[in-house]
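Residues per chain are reported as follows:
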Amino acid sequence: MDFNLSAGMFDSELNFNPLVSDKTYDVMILGGGPAGLTAAVYCIRKGVSTGLIVKEIGGQVALTAGVENYMGYRYINGVELVQKFKEQVFQFGIDYDEGTAVQSIDAGDIKKVHFEDGRVFSAKALIIATGKSWRKLGVPGEEEFRGRGVAYCSTCDAPFFSGKNVVVVGGGNSGVEAAIDLARVAEGVTMVQFLEKLTGDTILIDKLSAFKNVRVIYESEVTSIDGRDSVESVSVKNRKTGVVDQIAAQGIFVEIGLIPNSGIVKGLLQLNQAGEIMVDCSCRTSVPGIFAAGDVTDVPFKQIIVAGGEGAKAALTACNYVLNR
Amino acid sequence: MALFDEKVKKQIKDILTAMKDDVSLAFFTQEFECFACGDTRSFVEEIASLSEKIKLAIYDFQKDKDAADRYGVDKIPAIVINDKDNNHLGVTFYGLPGGYEINSFLGSLMEASGLREPLKDDIASRITAVDKDVHIQVFVTLTCPYCPGAVSTAHRLAMENKRIKADMIDAGLFPHLVQKHQVSGVPRIIINESHSMVGVQPIEKLLDVIEKM
Ligand SMILES: Cc1cc2nc3c(=O)[nH]c(=O)nc-3n(C[C@H](O)[C@H](O)[C@H](O)COP(=O)(O)OP(=O)(O)OC[C@H]3O[C@@H](n4cnc5c(N)ncnc54)[C@H](O)[C@@H]3O)c2cc1C
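Criteria and cut-off values
Residues numbered from 1 in each chain as written. Chains lettered and ligands numbered in written order. Predicted model: local features only at pLDDT ≥ 70, side-chain atom pairs only at ≥ 80, totals over all residues. Heavy atoms only, no water. Domains from an automatic or database assignment. Contact = heavy atoms within 4.5 Å. Buried area = accessible area lost by both parts, 1.4 Å probe. Salt bridge = Lys/Arg side-chain N within 4 Å of Asp/Glu carboxyl O. Polar contact = N/O pair within 3.5 Å; in protein donor to acceptor, adjacent residues only side chain to side chain. Helix = DSSP H or I, 4+ residues; strand = E, 2+ residues; numbered from the N terminus. Expected span 1.5 Å × (residues − 1). Buried < 20%, exposed > 50% of the residue type's maximum accessible area, 1.4 Å probe, protein only. Pairing = 2+ DSSP bridges. Axes fitted to C-alpha atoms, helices over the stretch in contact; angles between N-to-C directions. Nonpolar A, V, L, I, M, F, W, Y, C, P; charged D, E, K, R; others polar. Near = heavy atom within 4 Å. Areas by Shrake-Rupley, 256 points an atom, 1.4 Å probe, with all protein chains shown as cover. Phe/Tyr/Trp six-rings, centres within 6.5 Å; stacked < 30°, edge-to-face > 60°. Lys NZ or Arg CZ within 6 Å of the ring centre and 35° of its normal.

1. So, the domain arrangement of chain B
Residue and element names in this part refer to chain B.
Thought 1: Each assigned domain of chain B is listed here: domain 1 (19-112) and domain 2 (121-212).
Thought 2: The straight-line distance from the C-alpha centre of domain 1 to that of domain 2 is 18 Å.
Thought 3: If you look at the interface, domain 1 gives 24 residues, while domain 2 gives 25 residues.
Thought 4: Interface area for domain 1 against domain 2, summed over the two sides, is near 1,900 Å², with a carbon-plus-sulfur share of 64%.
Thought 5: When the buried surface of domain 1 facing domain 2 is broken down by residue, Tyr94, Tyr100 and Glu101 rank first, second and third, together holding 30% of it.
Thought 6: At the junction of domain 1 with domain 2, the criterion picks out 1 salt bridge.
Thought 7: Its salt-bridge partner being Arg156, residue Glu111 comes within 3.8 Å of it at the nearest N-O pair.
Thought 8: Run the count over domain 1 and domain 2 and you get 8 residue pairs in polar contact (both at pLDDT 80 or more).

2. Re helix H2 (residues 37-48) of chain B
All names here are of chain B.
Thought 1: The end-to-end C-alpha distance of H2 is 16 Å, a good match for the 16 Å that 12 residues give at a rise of 1.5 Å each.
Thought 2: When we look at burial in H2, the residues that qualify are Cys37, Thr40, Phe43, Val44, Glu46, Ile47 and Ala48.
Thought 3: Buried residues along H2 sit in contact with helix H1 (6-16), strand S1 (23-29), strand S2 (54-60), strand S3 (78-82) and helix H4 (102-112).

3. Overview of the sheet that holds strand S15 (residues 220-227) of chain A
Backbone hydrogen bonds hold the strands of a sheet together, and the pairing may be parallel or antiparallel.
Residues and elements named next belong to chain A.
Thought 1: Spatially, the 3 strands line up as an open sheet ordered S15-S16-S17, and their pairing is antiparallel. Strands at the two margins of the open sheet, each flanked by one partner only, are S15 and strand S17 (244-248). Direction aside, the axes of adjacent strands within the sheet are offset by 25° on average.

4. Examining the interface of chain B and chain A
Thought 1: Counting from both sides, the interface comprises 35 residues of chain B and, opposite them, 33 residues of chain A.
Thought 2: Both faces considered, chain B and chain A share a buried interface measuring about 2,700 Å² in area, 65% of it formed by carbon and sulfur atoms.
Thought 3: Put simply, chain B and chain A have 1 salt bridge between them.
Thought 4: Residue B:Lys7 pairs with A:Glu80 through a salt bridge whose shortest N-O separation is 3.9 Å.
Thought 5: Going through the elements one at a time, H1 and H4 of chain B are the ones with two or more residues in the side of chain B that touches chain A.
Thought 6: Residue composition of the side of chain B that touches chain A, grouped by class: 21 nonpolar, 10 polar and 4 charged.

5. A look at the site of the ligand
Residues and elements named next belong to chain A.
Thought 1: Contacts to the ligand come from 29 residues, most closely from Glu56, Gln60, Asn69, Asp295 and Gln303.
Thought 2: Contacts to the ligand include Thr130, whose backbone N or O atom sits 3.4 Å from an oxygen atom.
Thought 3: Look at the ligand: alone it shows 1,000 Å² of surface, and the protein chains cover 88% of it.

6. With respect to the sheet that holds S1(B)
Residue and element names in this part refer to chain B.
Thought 1: One open sheet holds the 8 strands; their spatial order is S2-S1-S3-S4-S6-S5-S7-S8, and the pairing between them is mixed. Either end of the sheet is taken by a strand with one partner, and the two such strands are S2 and strand S8 (195-198). Taken pair by pair, the neighbouring strands of this sheet meet at an average axis angle of 20°, ignoring direction.

7. Focus on the environment of A:Lys240
Residue and element names in this part refer to chain A.
Thought 1: Turning to its location among the elements, Lys240 is positioned in the loop between strand S16 (231-238) and S17.
Thought 2: Sequence separation between Lys240 and Ser262 is 22 residues; the distance between their C-alpha atoms is 33 Å.
Thought 3: A distance of 3.5 Å separates polar atoms of two side chains, one belonging to Lys240 and the other to Glu219.

8. Notes on unusual backbone geometry
Where the residue is not glycine, phi is negative for most of them; where a peptide bond is considered, it is trans in most cases.
Thought 1: For the bond running from B:Ile76 to B:Pro77, omega is 0°, close enough to zero to count as cis.
Thought 2: The residue B:Pro77 is located in the loop between helix H3 (65-70) and S3 in this model.
Thought 3: Of note, the amide linkage connecting B:Val186 to B:Pro187 takes the cis form, showing an omega dihedral of -5°.
Thought 4: As for its position among the elements, B:Pro187 is in the loop between helix H7 (175-180) and strand S7 (188-191).
Thought 5: Here A:Glu219, not a glycine, exhibits a phi torsion of approximately 45°, which is positive.
Thought 6: Checked against the element boundaries, A:Glu219 lands in the loop between strand S14 (214-217) and S15.
Thought 7: The phi torsion at A:Cys283 lies on the positive side, around 70°, for a residue other than glycine.

9. As for the packing of aromatic side chains
The geometry of an aromatic ring pair is captured by the separation of the ring centres together with the interplanar angle, meaning the angle of the planes.
Thought 1: Applying the stated criterion to the full structure yields 13 aromatic pairs over all chains.
Thought 2: Ring geometry for B:Phe93 versus B:Phe105: centroids 5.1 Å apart, planes at 70°, classification edge-to-face. Here the residue B:Phe93 occupies a position in strand S4 (residues 88-94), and B:Phe105 occupies one in helix H4, the gap between them amounting to 12 residues. Across the pair, B:Phe105 and B:Phe93 agree in class, each one buried.
Thought 3: Note on B:Tyr94 and B:Phe174: the rings are 6.2 Å apart at their centroids and 85° apart in plane angle, and the pair reads as edge-to-face. Placement of B:Tyr94 in strand S4 and of B:Phe174 in the loop between strand S6 (164-170) and H7 is noted, with a sequence separation of 80 residues between them. B:Phe174 matches B:Tyr94 in its accessibility class, with the two residues each being buried.
Thought 4: Cluster of aromatic residues (ring-pair linked, three or more members): A:Phe3, B:Phe4, B:Phe43, B:Phe93 and B:Phe105.
Thought 5: The ring of A:Phe194 has A:Arg239 lying over it, and the distance from NZ or CZ to the ring centre is 3.7 Å.

Pasting the structure below:
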């Protein structure tokens, strides 16, 4: 029996104050992943007044089983690493809000941050570190059957598909991992891959090929998910021939990568084609006083240590901006 | 064999030092222990050994029918968390809260001891205003990193209002309930057998559903 304990989850939590709405912060940080939390540590230590807004603490790291490439830890589970980040931020005391998402931002000399629940906060500078979220398929049936056959987390939900037929969409690392999780319990697994080959790591693909109950359909895409009360079949179209096949399945796991959470600054900041916020090497965006860091930006390579480093850069640039304003 | 290794034991012990008041655990098993009952009993015994503030009572589900009824326990293994005066808070775990679920268990334990983060005023008054019997069941798997959040929210609601009860249910142990509610993804939240929600929900969303019932 494993215990995935979040160490220190109960002692550091109290060392923060709620955000104050009639105050203008020097720097307001949006996002509580490695980029946002690192930025927070740098800002506080620079002595600027700092607010931190977090929808879900830890971001993608909280959803990662094990990390082996963050320096200082040969191996650490994601939840534990998040706790360490959090403790490091809260040892200083900070104005903090967790649980609500930012909905929009007004630029201008003083920036305004609007929450989904109607609250508004102001700051001289903003750091956008809202990271990435799972991409959805966007096909008919996906929303309707969510939790009734449509799933996004194979470690969570694989046991419910024991003895059943399932589809896994996506042929990258997360798709291959999901297929392996499912192949252990399911009757049959059909992988649907957009490209002509799987793009996951060789180690994983070798592991997958040991299972006899997995088949892969290449150069194909899911066009709809169908059923009455729950998923019964998945329509898959061959991208070359245009032929649509119905695959009988009681479940479909969507593992098609991530999209940047840049919706809140769309139309305000310059984004690239992938929807990532474009930044220069000092983390400046196209609007003065708004900085961005981590996976939500066009920085090459999306990794914890990269996001943390970018968060540090964004914080230092933002502090300079505030002091020289 | 001990469930907790030395490292986990020390971490849990450290966390428990912040407990405010005593907490009483009522554990339900039976003479011929069910699948998972034995391990779950070791779990509560080990937890109780890590803090003087935790009082443990072990009940036989069949022989101690009164106690089971008092706490609304209808299956085993069940761990009920009560406050220092053994008042029923409506907080139950069906199954062994291992894996990620250790976090919701320790969280509820701390909250039952009186260590609670304040709720926003409007949320607090909405919870107080609930004047019907509400039973929230949260289905989880122990490998689900999102599930403890859903369990904690439900348990917090229970602690704040006597009319609300909330259960964590390990989907792996109660296949008939999984079948009944057609659970194929977790966390799955069932309110009063009739309303069902998929995924982690903010406390406001749960209140929206409860208020409309
Ligand atoms: C399954 C998986 C495994 C991985 N494994 C590794 C690994 O082993 N090693 C490694 O280096 N990297 C790994 N990565 C990548 C790494 O996790 C990311 O690069 C890193 O987390 C990016 O950090 P970030 O702070 O930019 O964004 P994120 O971690 O995505 O955090 C974004 C934060 O912003 C918040 N947010 C989003 N929108 C809003 C809003 N509107 N309002 C308020 N807050 C908002 C989120 O709640 C979150 O707190 C993995 C990623 C995944 C998904």
